[in-house]
Amino acid sequence: MSPATLIAHGVGGRQDLPIPFELAVLGAALALVVSFLVLGLAWQEPRYRGDDSGRPIPDALTWAADSAWTRWTLRILGLLGAAYVALAAVAGPDLATNPTAGVVYVLLWVGIVPASLLLGPVWRLVNPVRTVHLLLCQAVRLDPRAGVRRLPHTVGLWPAAAWLLAFAWLELVAPDRATTAVIRAWFAAFVAVSLVGAVVFGSRWFDHADPFEAYSTLVGRLSWLGRHRDGRLVARRPLENLDGLPAHPGLTAAVAVLLGSTMYDSASASPWWARWVQGSTLNPTTAGTVGLAATVTLVYATFALAVWCAGLTAGLSTRTDLFAHSVVPIAVGYVFAHYLTLFVLEGQHTLVLLADPLGTGANWFGLGGLTENRWLANQATVVASLQVGAIVVGHVLGIVSAHDRAVRLFPPRRALVAQLPLLAVMIGYTVAGLLLLFAA
Amino acid sequence: MPRFRSRGSLLSCALVAVVLAAGLGGCGNSGEVAESAPESNAPSTSPSATTPAPATSGTRVIEVRIADGAVQTDADRVEVAAGQSVRVFVTSDVDDELHVHGVDETVDLVAGETTTLDVTVDEPGVFDVETHEGGLLLFQLVVR
């Protein structure tokens, strides 16, 4: 046998203990009570002003953040990081000791969330594919923003939603997904399609199609840092920031993938899912593909139905994407609950593995000397409390965002009643999340 | 303006209350987890009659049969205390490889024979016990 098979079904060995039943019930009860409190007591006039809001941070900071020097430093760091991991992925041994899977599934995919919460949409600043396109354009003296064709307005975030789903499939379903061969193949296809898209439609393609940029942009809307309509960097309340998220077509699909794929990840780690797959005639990849697609579709359909009902109750038609921003905090709460220990424990482990990308016994940058801190693995109560807290806080932020949007869009008399379908579907997501933490 | 301020603090209060309550709920429960640990220990001290080798006291014994790609086991989830030794007897109708995910204990399975795997996990968590070739989940070890 080869040691590579040791992590044949993904990164990270242990899963968190199920949360105590009492904690799950407490979380659900809190979510329910706070939801109706918000509905009954919160403001009845819209408060959030999106990108018009915020307090300017000192001009010097905006200038420093936007200076060409900063931008090129970040781009070069992104390129160097990508080259380092590509070296491990291409030239390193395809074993459990290869850092590629940990970098892609833990440091990148999970790490995007805390980085974007802290500083906003940061991935677009380091995105190595964007930089490669920029350098290619500069080499042939073309404007990177200019493409051969205009990207139709109706495209919105649909390509990003599709790529997010493709990445979720790689992470959660693809056979041998922790091997460098599979990760290499996925990224080769992704980079090729991205570059073609950028050449055809200009660098705007990355805004609309890059799954990591889309993820970072969505989560970054919960950051304290934002950009005013006049271009200055401002400090603003996270929910006001979230209110400024443009309701592009496909936004609902993108958030449904984020929430649905995390739900599927929980559910598919449970013994009852494994028994069902083993008892069925489907092969595991087909079953996983169906399960992932079904979960994402369920989230999308329930939310679209809730917004449709809300519009019906309010007596006007509305677009689902106008409310989709309110699912972002719920998805982020889920991600925090689901990946907290994985990020802390496997993140450290990945850093250690990065010391020796080629499997030669090297200790580059002294990373191999790091001692992994396993404290969190022994804190079941702390972890369970943080998980439930994150889910409930995400739920409350979602309810408040939807409330503000409802009182803005709907006639005052009907705005409250019209929110009930949204409230119901959000309580559904939250109870489902708590159930998965308890039972899966 | 004062109205807005009061609404803002309402939201902050609600969030603080949620976080506190979640923390309290977790704390309140820690006692129960500690109490229930010895209980889950108890049945493990009596190894079943079909056990080929006598297990040491305090060892949790689990028997698994694999036939025609289907898994037969007492429980999908087996609860043990951290540091408690676990002995797994696996009888498979095909050659395969038995593996405890996250602990990296691996042992070969030979068709028709009963294989024993001893494992002790010191860190709390849920660990999959699975086969490599068949890709079957035998059960989950829940370490508290």
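Residues numbered from 1 in each chain as written. Chains lettered and ligands numbered in written order. Predicted model: local features only at pLDDT ≥ 70, side-chain atom pairs only at ≥ 80, totals over all residues. Heavy atoms only, no water.

K.L.:
What's the story with the overall build of chain A in this structure? I'm lost.
P.N.:
When its secondary structure is counted, chain A shows 19 helices and three strands. For chain A, the C-alpha radius of gyration of 22 Å lies close to 22 Å, the compact-globule estimate for 440 residues. Each principal axis of the C-alpha atoms in chain A carries an extent, and together these give about 70 × 60 × 45 Å. Across chain A, contacts joining residues at least 24 apart in sequence account for 82% of those joining residues at least 6 apart. (Helix = DSSP H or I, 4+ residues; strand = E, 2+ residues; numbered from the N terminus. Rg over C-alpha atoms; globule rule 2.2 N^0.38 Å. Contact = heavy atoms within 4.5 Å.)

K.L.:
Is there a simple way to explain the layout of surface pockets in this structure?
P.N.:
Unoccupied space between atoms shows up once a probe the size of one water molecule is rolled over them. Residues and elements named next belong to chain A. In this structure, the second largest pocket encloses a volume near 1,600 Å³. Listed by contribution, the elements that provide at least two residues to the lining of the second largest pocket are α2 (59-66), α3 (68-91), α5 (112-119), α6 (123-126), α7 (128-139), α10 (204-209), α11 (211-220) and β2 (225-227). Per element, the largest residue contribution to the lining of the second largest pocket is five residues, and it comes from α11. Taken together, the residues of the lining of the second largest pocket sort by class into 21 nonpolar, 13 polar and 14 charged. (1 Å grid on protein atoms, 1.4 Å probe; cavity = no way out; pocket = protein on both sides within 12 Å on 5 of 7 lines; lining within 4 Å. Points joined across faces, edges and corners; volume = space filled by probe spheres on them. Nonpolar A, V, L, I, M, F, W, Y, C, P; charged D, E, K, R; others polar.)

K.L.:
Would you mind showing me how to read the nonpolar core here?
P.N.:
General note: in soluble globular proteins, nonpolar side chains tend to be found buried as a group. Counting residues in each nonpolar core, the largest one holds 108 residues, and the members touching the most others are Phe212, Tyr215, Leu259 and Phe303 of chain A. Dropping the residues within four chain positions of it, Phe212 of chain A is found in contact with Leu108, Trp109, Ile112, Trp123, Phe167, Trp186, Phe187 and Phe190 of chain A. (Core = buried A, V, L, I, M, F, W, Y, C linked by side-chain atoms within 4.5 Å. Buried < 20%, exposed > 50% of the residue type's maximum accessible area, 1.4 Å probe, protein only.)

K.L.:
Any chance you could explain the sheet that holds β2 of chain A here in plain terms?
P.N.:
To summarise the sheet geometry, strands pair through backbone hydrogen bonds and adopt either a parallel or an antiparallel arrangement. All names here are of chain A. The strand order β1-β3-β2 describes an open sheet built from three strands, whose pairing is antiparallel. At either margin of the open sheet sits one strand with a lone partner, and together these are β1 (55-56) and β2. Both β1 and strand β3 (residues 233-235) contribute to a ladder of two bridges, which runs antiparallel. Bridge assignment links Arg55 to a residue of β3, and that residue is Ala235. (Pairing = 2+ DSSP bridges.)

K.L.:
So what exactly am I meant to see when it comes to the confidence of the model for chain B here?
P.N.:
Caution applies to low-pLDDT regions: their predicted coordinates should not be interpreted in detail. Residues and elements named next belong to chain B. The predicted model of chain B has a mean per-residue pLDDT of 71, with 60% of residues at 70 or higher. Here residues 1-10 is a poorly scored stretch, pLDDT under 50, and it has nine contacts once near neighbours within four places are set aside; other chains count. A low-confidence stretch, residues 20-56 stays under pLDDT 50, and its non-local contacts, those more than four residues away or across chains, total 41 contacts. What the predictor reports for the complex is a pTM of 0.88 with an ipTM of 0.85. (pLDDT = per-residue confidence, 0-100.)

K.L.:
Where do I start with the packing of aromatic side chains in this structure?
P.N.:
To describe a pair of aromatic rings, one takes the distance between the centres and the angle between the planes. All names here are of chain A. For the coordinates displayed, the defined rule picks out 23 aromatic pairs over all chains. A centroid spacing of 5.8 Å and a plane angle of 70° characterise the contact between Trp43 and Tyr48, whose relative ring orientation is edge-to-face. A cation over a ring is seen here: Arg47 above Trp43, with NZ or CZ 4.4 Å from the ring centre. (Phe/Tyr/Trp six-rings, centres within 6.5 Å; stacked < 30°, edge-to-face > 60°. Lys NZ or Arg CZ within 6 Å of the ring centre and 35° of its normal.)

K.L.:
Hey, could you run me through the packing of helix α8 (residues 158-172) of chain A against α11 of chain A in this one?
P.N.:
Axis angle and axis distance: for two packed helices, these are the angle between their axes and the distance between the axes, and together they describe the pair. Residues and elements named next belong to chain A. Where α8 meets α11, the axes come as close as 8 Å, and the angle between the chain directions of the two elements is 105°. One finds that α8 runs roughly perpendicular with respect to α11. In this structure, α8 uses Ala160, Trp163, Leu164 and Phe167 to contact α11, whose residues at the interface are Pro211, Phe212, Ala214 and Tyr215. By residue class, the composition of the contact of α8 with α11 is eight nonpolar, no polar and no charged. (Axes fitted to C-alpha atoms, helices over the stretch in contact; angles between N-to-C directions. Parallel < 35°, antiparallel > 145°, perpendicular 65-115°, else oblique.)

K.L.:
Would you take a moment to explain the packing of helix α14 (residues 271-279) of chain A against helix α15 (residues 284-314) of chain A for this structure?
P.N.:
Residue and element names in this part refer to chain A. Taken N-terminus to C-terminus, the directions of α14 and α15 make an angle of 125°; their axes are 10 Å apart at the nearest point. Compared by their axis directions, α14 and α15 come out oblique. Between α14 and α15 lies a crossing whose hand is right-handed. When α14 is examined against α15, the residues Trp273, Trp276 and Val277 are found in contact with a partner set consisting of Pro284, Ala287, Gly288 and Gly291. Class assignment for the residues of the contact of α14 with α15 results in five nonpolar, two polar and no charged. (Left-handed = near helix turned anticlockwise from the far one by under 90°.)

K.L.:
For this particular structure, what's the right way to read a nonpolar patch on the surface?
P.N.:
All names here are of chain A. A cluster of nonpolar side chains, Leu32, Val33, Phe36, Leu37, Leu41, Leu416, Val417 and Leu420, forms an exposed patch at the surface whose accessible area comes to about 650 Å². Elements supplying a minimum of two residues to the nonpolar patch: α1 (21-41) and α18 (412-418). For Val417, the position within the fold is in helix α18. (Patch = residues over 30% accessible without salt bridge, like charges linked within 9 Å, V, L, I, M, F, W, Y side chains within 5 Å. Areas by Shrake-Rupley, 256 points an atom, 1.4 Å probe, with all protein chains shown as cover. Salt bridge = Lys/Arg side-chain N within 4 Å of Asp/Glu carboxyl O.)

K.L.:
I tried to follow the sheet that holds strand β6 (residues 105-109) of chain B on my own but got confused; where do I start?
P.N.:
Residues and elements named next belong to chain B. Reading across from one edge, β3-β9-β8-β5-β6 is the order of the five strands in this open sheet, with mixed pairing throughout. At either margin of the open sheet sits one strand with a lone partner, and together these are β3 (77-80) and β6. Adjacent strand axes in the sheet meet at a mean angle of 20°, parallel and antiparallel pairs treated alike. In this sheet, β6 lies alongside strand β5 (residues 96-100) in antiparallel orientation, the contact comprising five bridges.

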